[in-house]
Amino acid sequence: MEWLSVVPGVLAALAVTLVPGLLVAWAVGLRGLSMTAIAPIFTATAAVVGAIIAGAAHVPWGPLPLVATAVVLAAAIFGMRRLTTGRRLWATTSGILRTERALPSRSEMIGITIGAVGEIVLLSYVWGRPDHVSQTIDAVFHLNAIRWIEVTGSASSFTVGQVDGSGFYPAGWHALVSATAQLAGLSPAVAVYCSSVAFAAAVWVPGCVYLTQQIAGTRTAVSIVAGVASMAFGAFPILLLDFGVLYPNMLVVAMLPAFLAFVAQALGVSAAPVLSRRLAWFVLLIGVIGLVLVHPSGLHAVVAFGWPMLIVALWRAWKRRRDLGSKMWPLGAILLGGVMLTALLWLVVHPNPATYWDPLQTRAQAIGESLAVAPLGESSSPLTAVFVIVGALVLFRARRAAWAAGAVLVALYLFVNVSAYDAMPFRRSVTGPWYNDSYRLAALLPVAVVPVVAVSVVWLGERFAAQRWIRSRRWTSVPAAVCLVCAVFVVGQAPNVVSAVTKARGNYDLSYASPLLSADEAKLLSRLPQDVPPGATIIGNPWTGTSLAFALADRRTVQLHLLSSITPDADLLAHSLRYAETNPAVCQAVKRLGVSYVLDFGTNEIAGGKHDYDGLRFLDSDGVAKVVDEVGDARLLRITACS
């Protein structure tokens, strides 16, 4: 598949990601970068709410229900705005403290363009080809869930979990990707590529620029350098597209910078507020629905990074009240409420403890990797640690923006805690919402570090240009000095990004030895629509990649996920189908399941697994099935013994 052929798909993914949310943001009164940054989060809210409503009303999910939900939400907000103008929510200025241009400014567009183009190039290299699939366990579930939504018409979080036999499953990512697939007529594999590009370029990069502005203001250099820094760390988004694969986690982390920027405005600690605090809380109330139903851990991350903001806000409020002689108990009540909310969230909303991961390294390794933002063995540069430390010190001295330095400490603590401590009492309770998984928390490092590095680069550039021996040279203007320091940072970070994309590409390569789906198996699946009639059901060992027949060839398999539970009939066939001629119970199970074909991809399982599906082997030699098609060692057989 050629790269130019997916340009319409990428444009469709951008439209699905941005357009519904832009309608809602416009109704709120936002413009410019504020509207662009929050739009994907509003889109996610429209997607999860619309999918649940459409599922309950038996309306097939697709782009139209998504846009319809956004239009209804925008109309409701616009009507509320007209009715309450001059009152508490929008106040006398409609709640907008700073009027923005209709579109982002030139410097903002430059920064976003640099970061977005960089992300597109990096992700395209990782994929190799837009129709390649991640050679990981969870890729089977995510790809099959997109096809399942297309077949059933339901993207509701109450039904998507049926793919693997679970109950409620936050399906925001799947609703958006399936809408993209339907809008552009894409296969699930290509839709995942197009959507991942859109999420990295149109969600992560503008969010980073906007968050940096809330910390350091709207200067030209700040906006441009933030865009550059957003693509300069292998820990995100590349890491979550490599490990797992953690597609919903990738989207929710991409949403965090923009969401945190509005949290800063709501708490009154922003350097460039656009909304009144009441209106900022209203925006967060709308956005949190999409954030949580893309992945619940996003809310935990917001609370964790929000604590430094709350502490700074309470400190400033305490000083004002002390000077005015006001009562202090409201501040204590807010602090107590924050503690109780955090405790409740961590105790109630967390995954099954049986899925937790163990530490991976020593404390010294974890501390060094976190300071260099090169977690889990990625290539590191001491210069990056210098930029992080300098930026944190600059922000801490600024006091108003000290919370940004505190956010870095939170990110470092979480990563060191999860990756290096084993017997620490707080490890499971603190990092439990992320499955005690080092990879998930490693991806949070850039959320806190990108703005700090941007501030560091601009500050060092300004100090460099201010030196007496430098000022005498015509080429040493402040912009030139900032560009020079930024170039030093990018060159220092290049090995980090290169090592990350090189490692990630190995999980998307399609070769004859790929761990989940080999080149021979992929070729056989591409011919499946001609070999297997629609409506037929296939059985195979899912750990060898056979379950991808549903996503890639639109042919139903008995198991749609490697980790799904197996029915007694399916278990009987897995162990005994080859004995169909002598065991009548086997043919009864075949008829109950409606199975008529078998995919035999050998015995090499992903992750070195060893699962007992021996009953699906040697079917042709036992006279139970006939070979219909084969490519290399991959074979498709039609069951003949139970006809």
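A few points on the structure. Everything quoted here is computed from the prediction, not taken from an experiment.

Parameters and conventions
- Residues numbered from 1 in each chain as written.
- Predicted model: local features only at pLDDT ≥ 70, side-chain atom pairs only at ≥ 80, totals over all residues.
- Heavy atoms only, no water.
- Helix = DSSP H or I, 4+ residues; strand = E, 2+ residues; numbered from the N terminus.
- Rg over C-alpha atoms; globule rule 2.2 N^0.38 Å.
- Buried < 20%, exposed > 50% of the residue type's maximum accessible area, 1.4 Å probe, protein only.
- Contact = heavy atoms within 4.5 Å.
- Areas by Shrake-Rupley, 256 points an atom, 1.4 Å probe, with all protein chains shown as cover.
- Lys, Arg positive; Asp, Glu negative; His and termini not counted.
- Charge placed at Lys NZ, Arg CZ, Asp CG, Glu CD.
- Patch = residues over 30% accessible without salt bridge, like charges linked within 9 Å, V, L, I, M, F, W, Y side chains within 5 Å.
- Salt bridge = Lys/Arg side-chain N within 4 Å of Asp/Glu carboxyl O.
- Pairing = 2+ DSSP bridges.
- Axes fitted to C-alpha atoms, helices over the stretch in contact; angles between N-to-C directions.
- Parallel < 35°, antiparallel > 145°, perpendicular 65-115°, else oblique.
- Left-handed = near helix turned anticlockwise from the far one by under 90°.
- Nonpolar A, V, L, I, M, F, W, Y, C, P; charged D, E, K, R; others polar.
- Core = buried A, V, L, I, M, F, W, Y, C linked by side-chain atoms within 4.5 Å.
- Expected span 1.5 Å × (residues − 1).
- Bend = angle between axes of the 7 residues up to and from the residue.
- Right-handed = clockwise from strand over helix to strand, strands pointing away.
- Disulfide = S-S within 2.5 Å.
- Polar contact = N/O pair within 3.5 Å; in protein donor to acceptor, adjacent residues only side chain to side chain.

### Some words on the overall build of the protein chain
At step 1: If you tally the helices and strands in the protein chain, you get 26 helices and five strands.
At step 2: In summary, the protein chain has a C-alpha radius of gyration of 26 Å against a globular reference of 26 Å for 643 residues, a match within 12%.
At step 3: Principal-axis analysis of the C-alpha atoms places the extent of the protein chain at approximately 90 × 60 × 50 Å.
At step 4: Within the span of the protein chain, comprising 643 residues, buried residues form 58% of the whole.
At step 5: Sequence separation of 24 or more characterises 73% of the internal contacts of the protein chain that already satisfy a separation of 6 or more.
At step 6: About 25900 Å² of surface is accessible on the protein chain, with carbon and sulfur atoms providing 64% of the total.
At step 7: Taking the average location of the 45 positive side-chain charges in the protein chain and that of its 33 negative ones, the two points are 23 Å from each other.

### What about a nonpolar patch on the surface?
At step 1: Taken together, Val19, Leu23, Val67 and Val71 make up a surface patch of nonpolar side chains, about 280 Å² in accessible area.
At step 2: Listed by contribution, the elements that provide at least two residues to the nonpolar patch are helix H1 (7-28) and helix H3 (63-84).
At step 3: Mapping Val67 onto the fold places it in helix H3.

### Describing the sheet that holds strand E3 (residues 595-600)
At step 1: With respect to topology, five strands assemble into an open sheet ordered E2-E1-E3-E5-E4, the strand pairing being mixed. The two strands at the open ends of the sheet, each matched to only one other strand, are strand E2 (556-557) and strand E4 (625-631).
At step 2: Note that strand E1 (residues 537-540) and E2 share two bridges and pair parallel. Residue pairing for E2: Thr537 is matched across the bridge by Arg556.

### With respect to helix H22 (residues 519-526)
At step 1: In terms of residue burial, H22 counts as a mostly covered element, since six of its eight residues are buried.
At step 2: Turning to H22, its buried residues number three or more, namely Ala519, Asp520, Glu521, Ala522, Leu524 and Leu525.
At step 3: Residues of H22 that are buried sit in contact with helix H23 (528-531), helix H24 (548-553), E3, E4 and strand E5 (634-639).

### Here we look at unusual backbone geometry
At step 1: Here the bond from Phe236 into Pro237 is cis, since omega is 0°, no more than 30 degrees from zero.
At step 2: In this structure, Pro237 sits in the loop between helix H8 (220-230) and helix H9 (238-242).
At step 3: Positive phi outside glycine occurs at Tyr435, with the angle close to 65°.
At step 4: Along the chain, the position of Tyr435 falls in the loop between helix H17 (426-431) and helix H18 (438-442).
At step 5: For Tyr435, a relative accessible area of 22% gives the class partly exposed.
At step 6: Here the phi dihedral of Asn436 falls at roughly 50°; this positive angle occurs in a residue that is not glycine.
At step 7: Along the chain, Asn436 turns up in the loop between H17 and H18.

### Some thoughts on the packing of helix H6 (residues 172-184) against helix H7 (residues 188-216)
At step 1: Interaxial distance between H6 and H7 falls to 9 Å at its minimum, and their mutual angle equals 115°. Relative to H7, the element H6 lies roughly perpendicular. Handedness of the crossing formed by H6 with H7: right-handed. On H7, the residues that touch Trp173, Leu176, Val177, Thr180 and Ala181 of H6 are Ala191, Val192, Ser195 and Phe199.
At step 2: Looking at side-chain class alone, the contact of H6 with H7 contains seven nonpolar, two polar and no charged residues.

### Quick look at the environment of Thr113
At step 1: Within the secondary structure, Thr113 is located in helix H4 (residues 106-127).
At step 2: Residue Thr113 is classed as partly exposed on the basis of its relative accessible area, which comes to 41%.
At step 3: Along the backbone, Thr113 and Lys610 are 497 residues apart, and their C-alpha atoms lie at a distance of 47 Å.

### What to know about the nonpolar core
At step 1: Membership of the largest hydrophobic core comes to 218 residues, with the highest contact counts inside it found for Trp61 and Leu577.
At step 2: If you tally residues by element for this core, the top one is H7, at 18 residues.
At step 3: Not counting residues up to four positions away in its chain, the partners in contact with Leu577 are Leu572, Val586, Val590, Val598, Gly615, Leu616, Leu619, Val624 and Ile639.

### A closer look at helix H2 (residues 32-56)
At step 1: Across its 25 residues, H2 extends 36 Å between first and last C-alpha, which sits within 8% of the 36 Å expected from 1.5 Å per residue.
At step 2: Of all the bends in H2, the greatest reaches close to 40° and is centred on Ala39; the proline Pro40 follows between one and four positions later.
At step 3: Burial of H2 is extensive: 20 of the 25 residues sit out of reach of the surface.
At step 4: Just downstream of H2, His58 is the residue with a positive phi angle, here 60°.

### With respect to the pairing of E1
At step 1: Side chains Thr537 and Ile539 of E1 all project onto a buried face; the interleaved residues Ile538 and Gly540 project onto the opposite face, where all are buried too.
At step 2: Crossover E1 to E2 through H24 is right-handed.

### Focus: the state of the cysteines
At step 1: For the structure shown, the criterion picks out one disulfide.
At step 2: Put simply, Cys587 and Cys642 are joined by a disulfide, and their sulfur atoms are 2.0 Å apart. With the S-S bond torsion at -80°, the cross-link from Cys587 to Cys642 turns out left-handed. Of this pair, Cys587 sits in helix H26 (residues 584-593) while Cys642 sits in the segment after E5, and the two are 55 residues apart along the sequence.
At step 3: Sulfur of Cys208: no disulfide; nearest cysteine sulfur belongs to Cys486 and is 14 Å away.

### A few points about the environment of Glu378
At step 1: As for its placement among the helices and strands, Glu378 is situated in the loop between helix H14 (363-371) and helix H15 (382-398).
At step 2: Sequence separation between Glu378 and Trp434 is 56 residues; the distance between their C-alpha atoms is 21 Å.

### Some details on the side chain of Gln135
At step 1: Inspection of the secondary structure assignment puts Gln135 in the loop between H4 and helix H5 (137-152).
At step 2: On the basis of relative accessible area, Gln135 is assigned to the buried category, the value being 3%.
At step 3: Looking at Gln135, its side chain comes within polar contact range of the main-chain nitrogen of Leu517, at 2.8 Å.
At step 4: If sequence neighbours within four positions are ignored, Gln135 has contacts with Asn507, Asp509, Leu510, Ser514, Pro515, Leu516, Leu517 and Ile606.

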